[in-house]
Amino acid sequence: MADLSVNFAGIKAPNPFWLASGPPTNSGYQVMKAFEAGWGGAVWKTLGVPVINVSSRYGGVNYRNARLAGFNNIELITDRPLADNLREIEEVKKYFPDHAVIASLMVETKEEWRQIIRDVENAGSDGIELNFGCPHGMCERGMGSAVGQEPAVLKTIVEWVMEYAKIPVVVKLTPNITDITVPALAAVAGGADSISLINTLKSIVGVDLDALAPYPVVDGRGTNGGYCGPAVKPVALNMVRECAQHPGVNVPISGIGGIETWRDAAEHILLGASTVQICTAVMHFGFGIIRELIPGLERYMDEKGFATMNDMVGKALPNAVEWKMLNLKHQVIANIDADKCIGCQLCYTACEDGAHQAIALPGSDTRVPTIIEENCVGCNLCSLICPVEECITMEKVDDGTQHETWEDRTLACTIPTTFDDERAGGREHYVPAPTDAFKKK
Amino acid sequence: MAELKRPTTKAEFEANFAQLKPLMNSTEAYYESSRCLFCYDAPCVNACPTGIDIPLFIRQIHTGDLNGAAKTIYDSNWLGHACGKVCPTEVLCEGACVFNHQHIKPIEIGRLQSMATAQVISSNKKLYQCAPDNGKKVAVVGAGPAGLSVACELRLLGYTVDVYEAKEKPSGLTVYGVAPYKITNEEALEEVEYLQKQFGFTITCNSPVDSEVLKGFETDYDAVFLGIGLGNTWLPEIPGIDLPQVTGATEFVEKLRMQHAATTIPSDVVVIGGGNTAMDAASESARMGAENVTLAYRRAKHEMGAYPFEYDLAKDVGVKGLFNVQPIAIRGVDKVEGVELVRTEVVDGRVHPIEGSGFFVPCEMVILATGQVKQIEFLGEIEGLDLEHNGCIKVNAAYQTSNPHYFAAGDAVNGGAEVVNAVAEGKVAAHGIHQYITEA
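Residues numbered from 1 in each chain as written. Chains lettered and ligands numbered in written order. Predicted model: local features only at pLDDT ≥ 70, side-chain atom pairs only at ≥ 80, totals over all residues.

Draft legend 1. Region of interest: the overall build of chain A. Each helix and strand counted, chain A has 14 helices and 20 strands in total. With respect to the principal axes defined by its C-alpha atoms, chain A has extents near 75 × 55 × 45 Å. Here chain A holds 441 residues, and the buried ones make up 43% of them. (Helix = DSSP H or I, 4+ residues; strand = E, 2+ residues; numbered from the N terminus. Buried ≥ 20, exposed ≤ 12 C-beta atoms within 10 Å, placed from the backbone.)

Here is the structure:
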């Protein structure tokens, strides 16, 4: 059985599944309950300057029958007294000495940082996470994402923290920035032991069409919130990968963003995360999802022969390359399994209206469409929208002997260079005449 | 003991006749509508006689636009609510749903349809604006599905429409002939009231039309539409057919629909026939508490005209099927004591009784679902109106009869089909009438 234990920049935990800082880590009660259920660590809901929260704090994005495909919040950091939180951290550590308890912090002045670091260390925290990500409320007061978006300020604060901290420091980054490696490098330059990402994306989750105000509506008004949940995983995966691949960001990464199942976690880990943090999925389904996460990841690691977490971390990075490194000679073509096809013809209309007019309708005796192979560019669209598993598959049609990338061609000086260059792609591809549009019903 | 206890109170009656397709709540509709694939050239639409844009109205339900969904439905089908409940969706839209090919439950189109339309009916939402009065008048004979469809469509075009109904209530078979567990009287009548309020056609009930009245219509109206349906049950000439406990299925269902819990039924009932009406009559007898309901059909089970799901419904409430038998006499002096049946065989497609195979099935009531007669006598009095050899009214593609002043659709033309067929034909007929009048 794979060994899931981790040592993350000196913070040890029985497994890589940590609760991200947020409502599920608001109290010792919740954290103890989570550890009882099997979670390996918890980043405490951010401690810091005093706040007042509003009522009506969350908004959701539903997609078809799925609730909370996306989620946003306008909740601030903890509104519980610091003394209560410190006492509870101490109590949790008493019962769970081997689990990771990390104090998320957000204060303003250097003196405040000094004090609060001393407090959480005295309470027995295993590490500190600096919340430089919160994109609502706190940033208006010069904290949270206001820091994360200013690399110089970020670096200075990290330097203050490193001056005082005796325990490992994690810097949590905001994705509300053009290039995530810039604040990541600033954190490393400031001496941070590790980074975590992503915090939430600045968002308006929807508009109340009757109240004419953004959700969540607070007495007739709304504000931007922080977006998270399954919808943000693609953004998170790419940012984790960018940091993991940057030679200057050579610190452990805790992956956050859209993780709900072992598969999501495995993706983060393969792209360079050595622990993962989860919040929204717990807010949706409770701590019990750990029952699926741990055995799922263990089974996958056993299947792939990853004995330890270190064996698995970043294993997809060599294959995550720039576009110019992709093989231009690779060719796939869609294939419809007529026995599996249910005749919805969504592939037809998708290809016809949204792609390359490479699917034909059948005669009247069947509803199974056919692929016009000479038109198919192998874009995958039909296979993605097909509602039947394994009905439309993308079949490799090149013989695998040829390999040529844009970079190869650049070096060989064979890339197309003018607008109507003979060497450009798509030249032989069939496109109907514009007026053929009138012939379709 | 029968499957269902004899109902003695209104509540027990309603429990035995619980709606097969109850209204969806908004959560169920949200989830169910989310499953629709929005097929291209959707098979469900092609399977609907009225061609409702089903994927569109389901999408509208999902986005919370129930008024828009109802409008999409009514644009194609003026009895959208009733059809959602009474249509044999299993063999129409839902039977065509592509999910069937994947062994996934098809979308519950009928229930989604009734859900959206129920919302506009209960809120009396005005969805249509009739064209200004064009000064032309059309008389509609029969306030059944065909007649109502014609009335709505013509009012939209600006015609004055007067509907004449022989019975006490409008709706035709939707209220008089469909099994009560498919639609309640209230639901059927509320939709007609909603349409009438919105479109402003008149309905005069208890107003049978005879040839003399028709003569008046010919001068008072620019066209006449005949949506007269079929007549009473055809009764075979066998001994005992006049006994008081012998009834036609159509008449039996009508009595049940009008008198509900006040109807009583004996413990042993024989239903003769193999069509959907026979299934309804048998199922209803069992739901009324009859302990032994025997369905006797002269051919084999697979030759029944009834949809398989209708037979399943009857079997579910304890009805017993008896096939390849036909009645030769009903026994009894003042009341029914049983039916004399004889076994049959089918030779060259024709049913032949087998000599000496007779047997007796004791019962106290016989319901004959042996088809309805055509109203040949009444129709014969209309000058120049030709009938098909089977007694159906002869019409062209615009549902115009051989007497150009008369149009007809529904059961009187198709010989007896579904509510949805009558609605579809009525819409075409209305446009035929419009063309006839505007081109005259």
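Draft legend 2. Spotlight on the overall build of chain B. Looking only at helices and strands, chain B features 18 helices and 14 strands. For 440 residues, the compact-globule estimate of 2.2 N^0.38 gives 22 Å, and chain B sits close to it at 22 Å. Dimensions of chain B, computed from C-alpha atoms along their principal axes, come out at roughly 70 × 55 × 45 Å. For chain B, the proportion of its 440 residues judged to be buried stands at 49%. Here the contacts in chain B between residues at least 6 apart in sequence split such that 70% fall between residues at least 24 apart. (Rg over C-alpha atoms; globule rule 2.2 N^0.38 Å. Contact = placed C-beta atoms within 7 Å.)

Draft legend 3. Representation of the pairing of strand 15 (residues 253–256) of chain A. Residue and element names in this part refer to chain A. Side chains Ile253 and Gly255 of strand 15 all project onto a buried face; the interleaved residues Ser254 and Ile256 project onto the opposite face, where all are buried too. As paired elements, strand 15 and strand 16 (residues 273–278) share four bridges and run parallel to each other. Looking at the pairing, Ile253 lines up with Ala273 of strand 16. Viewed along the sheet, the connection from strand 15 through helix 8 (residues 262–270) into strand 16 turns out right-handed. (Pairing = 2+ DSSP bridges. Right-handed = clockwise from strand over helix to strand, strands pointing away.)

Draft legend 4. Molecular detail of the sheet that holds strand 15 of chain A. Residues and elements named next belong to chain A. Read around the closed barrel, the eight strands follow the order 3-4-7-8-9-10-15-16; overall the barrel is parallel. Pairwise comparison of adjacent strand axes, ignoring direction, gives a mean angle of 25° for this sheet. In this sheet, strand 8 (residues 127–131) lies alongside strand 7 (residues 100–106) in parallel orientation, the contact comprising four bridges. Across the sheet, Leu105 pairs through a bridge with Leu130, a residue of strand 8. The strands touched by helix 8 are strand 15 and strand 16; relative to strand 16, the strand with the most contacts, the crossing angle is about 145°. (Axes fitted to C-alpha atoms, helices over the stretch in contact; angles between N-to-C directions.)

Draft legend 5. Examining the environment of Pro353 of chain B more closely. Residue and element names in this part refer to chain B. Within the fold, Pro353 resides in strand 11 (residues 350–353). The exposure class assigned to Pro353 is partly exposed, which follows from the 16 C-beta atoms found within 10 Å. Taking C-alpha positions, Pro353 is 29 Å from Ala290, a pair spaced 63 residues apart along the chain. In this structure, Pro353 is in contact with Gln326, Val342 and Thr344, ignoring residues within four places of it in sequence.

Draft legend 6. A look at the sheet that holds strand 6 (residues 268–272) of chain B. Residues and elements named next belong to chain B. Pairing in this open sheet of five strands is parallel, and the strands run 5-13-6-7-8 from one edge to the other. At either margin of the open sheet sits one strand with a lone partner, and together these are strand 5 (246–248) and strand 8 (320–323). Neighbour to neighbour, the strand axes of the sheet diverge by 20° on average, direction disregarded. By the bridge criterion, four bridges tie strand 6 to strand 13 (residues 365–368) in an arrangement that is parallel. Opposite Val270, over in strand 13, you have Val366 as the bridge partner.

Draft legend 7. Spotlight on unusual backbone geometry. In this structure, the amide linkage connecting Leu197 of chain A to the following residue, Ile198 of chain A, adopts the cis form with an omega of 10°. Following Tyr215 of chain A, the chain continues into Pro216 of chain A via a peptide bond in cis, with omega recorded as -15°. Of note in this structure, Ser171 of chain B is not a glycine but carries a positive phi near 110°. Exposure remark for Ser171 of chain B: the 27 C-beta atoms within 10 Å place this residue in the buried category.

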